[in-house]
Amino acid sequence: MESQTHSIANLFAQLGLPSETAAIDAFIDTHSPLPPELRLADAPFWTPAQAHFLKTELDEDADWSAVIDTLDARLRHRA
């Protein structure tokens, strides 16, 4: 079975968020940096459905987990 590679734009679309580069950058600028002790899925800016998706995908190490990790890293470090 092959795993799929998802982009950050695909992730934002999956979460129901604007997925254009400028919108993604604005989202990250608005919500970063996340405190080190806060799990990504527990961040207060997610809807319950978004948080559930993120948590489930990470817990199951599913196809989306690599790009979710990328988003997590970008939210923790301002560029």
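Scroll up to find the structure this text is about.
Note that the coordinates shown come from a computational prediction; the quantities given were computed from them, not determined experimentally.

Draft legend 1. Just the nonpolar core, in detail. Counting 20 residues, the largest nonpolar core has Leu 11, Trp 46, Leu 54 and Leu 71 as the members making the most contacts within it. Breaking this core down by element, the ones donating at least two residues are helix H1 (8-14), helix H2 (21-31), helix H3 (48-59) and helix H4 (65-76). No other element matches H4, which puts four residues into this core. With residues near it in sequence (within four places) discarded, Leu 54 still touches Leu 15, Leu 40, Ala 41, Trp 46 and Ile 68.

Draft legend 2. Examining H2 more closely. Taken together, the buried positions of H2 are occupied by Ile 24, Phe 27 and Ile 28. With its buried residues spanning 95° around the axis, H2 presents them on a single face. In H2, the exposed positions angled more than 90 degrees off the buried face are occupied by Ala 22 and Thr 30. Turning to H2, the residues buried within the fold contact H1 and H4.

Calculation rules
Residues numbered from 1 in each chain as written. Predicted model: local features only at pLDDT ≥ 70, side-chain atom pairs only at ≥ 80, totals over all residues. Heavy atoms only, no water. Core = buried A, V, L, I, M, F, W, Y, C linked by side-chain atoms within 4.5 Å. Buried < 20%, exposed > 50% of the residue type's maximum accessible area, 1.4 Å probe, protein only. Helix = DSSP H or I, 4+ residues; strand = E, 2+ residues; numbered from the N terminus. Contact = heavy atoms within 4.5 Å. Arc of directions from axis to C-beta.

None of the figures reported here should be taken as evidence of function without further support.
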